[in-house]
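Spelled out, the chains give:
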Amino acid sequence: MDVEKELSALKARVDELPGAENKLSMVVFSGDLDKQIAAMIIATGAAAMGMKVVMFFTFWATAALRDPAKKVSGKNLMGKMFGFMLPKGRNNLKLSQMHMAGAGTAMIKSLMKKKNVASMDQLYEIAAMLGIEFKICEMSMDLMEMKREEMIEYPNMEYCGVATFLANAKESAVQLFI
Amino acid sequence: MADYTAVKTFDYKGLPCPMPIVKMSQEISRIAVGEVGEVLSTDPGSIADFPAWAKTTGHQVLDIVQEPGLIKIYVKRVK
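Model, not experiment: these values are computed from the prediction.

Thresholds applied
- Residue numbers here run from 1 along each chain, matching the order of that chain's written sequence.
- To label them, take the chains in the order written and letter them from A, then take the ligands in the order written and number them from 1.
- Only residues with pLDDT of at least 70 are given local features in this predicted model, and only at 80 or more are side-chain atom pairs given and counted; all residues enter the totals for whole chains, interfaces and linings.
- By convention in this description, side-chain values take in all heavy atoms of the structure and omit both hydrogens and water.
- The secondary structure listing takes helices from DSSP runs of H or I that are at least 4 residues long and strands from runs of E that are at least 2 residues long, numbered from the N terminus.
- We compute the radius of gyration from the C-alpha atoms alone; for a globule the expected value is 2.2 Å times N to the 0.38, where N is the number of residues.
- Throughout, exposure labels follow a simple rule: accessible area from a 1.4 Å probe, protein chains only, divided by the maximum for the residue type, with under 20% read as buried, over 50% as exposed, and the rest as partly exposed.
- Whether two strands pair comes down to DSSP finding at least two bridges between them.
- What counts as an axis is a line fitted to C-alpha atoms, over the stretch in contact for a helix, and the angles between N-to-C directions run from 0 to 180 degrees.
- The contact criterion used is simple: two residues touch if any of their non-hydrogen atoms lie within 4.5 Å.

A. Main features of the overall build of chain B. A tally of regular secondary structure across chain B gives two helices and four strands. Seen in sequence order, chain B has helices and strands lined up from the N terminus as β-α-β-α-β-β. On C-alpha atoms alone, chain B measures out to a radius of gyration of 11 Å, which is about the 12 Å that the 2.2 N^0.38 rule sets for 79 residues. Along the first, second and third principal axes, the C-alpha set of chain B runs to 30 × 30 × 20 Å. Looking at the 79 residues of chain B, the share that counts as buried comes to 42%.

B. Region of interest: the sheet that holds strand β1 (residues 6-12) of chain B. Residue and element names in this part refer to chain B. Read across the open sheet, the four strands follow the order β1-β2-β4-β3; overall the sheet is mixed. Of all the strands in the sheet, just β1 and β3 (60-67) have a single pairing partner and so form its edges. On average, each strand axis in the sheet is inclined to that of its neighbour by 20 degrees, with strand direction left out of account. Pairing geometry for β1 and strand β2 (residues 36-41), over six bridges, is parallel. Each residue of the ladder has a partner; that of Ala-6, found in β2, is Val-36. Across the sheet, helix α1 (residues 19-27) touches β1, β2 and β4 (70-76), and the angle it forms with β1 is around 145 degrees. The sheet contacts of helix α2 (residues 46-57) involve β1, β2, β3 and β4, and relative to β3 the element is tilted by about 175 degrees.

Here is the structure:
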């Protein structure tokens, strides 16, 4: 029997096994500030551990990737409403609890600053530096009438659908939904 | 007495999670393979996190020394 051949066949099978890659695939679904901070900290931590990291932004989370400085026109009424009601970018997210008309969120942000916890801006900067990939759900964008022109500049960002997430998740050692 | 000498100090004092390991992952290359670096941290999470980081990345934590208000971690670059 050809041992070399057997070995390479076996290796090919192992490579095909789910979860074989040192990689984290994360769905970021929530638009809450606290959950998004957790997602960014886990993602940057994983990248520091030498893992490849892919973050899929879908539904409410998508609004965090809007750039408040960018204005777009040509939206219909529903699109305008969503545009107005959804947070404009990562610095306008609210806490999932104790938001208290903005007082709670402001307090957490000031505590984070005081305790030197990385801000959302810093976390995004680190994520870009560590090569973390952002993938944005095209369907959420379409549903809420967000346009690509109103999204932030980020080095590793692309638009995709569920199959892209699943293909990444299947080969990842760690998968999370936040 | 420890049988190693730290060739460089990485000062991560005042930085909370995840910054100590994020910085370590970026700066470990400042020492050569086989050399030992001394990490200064004030984040109590570092005591558990550096061994976990080393285990995953293939480096080695030789020693963790706790002083009042300061944690010293000795990390050997393995690859």
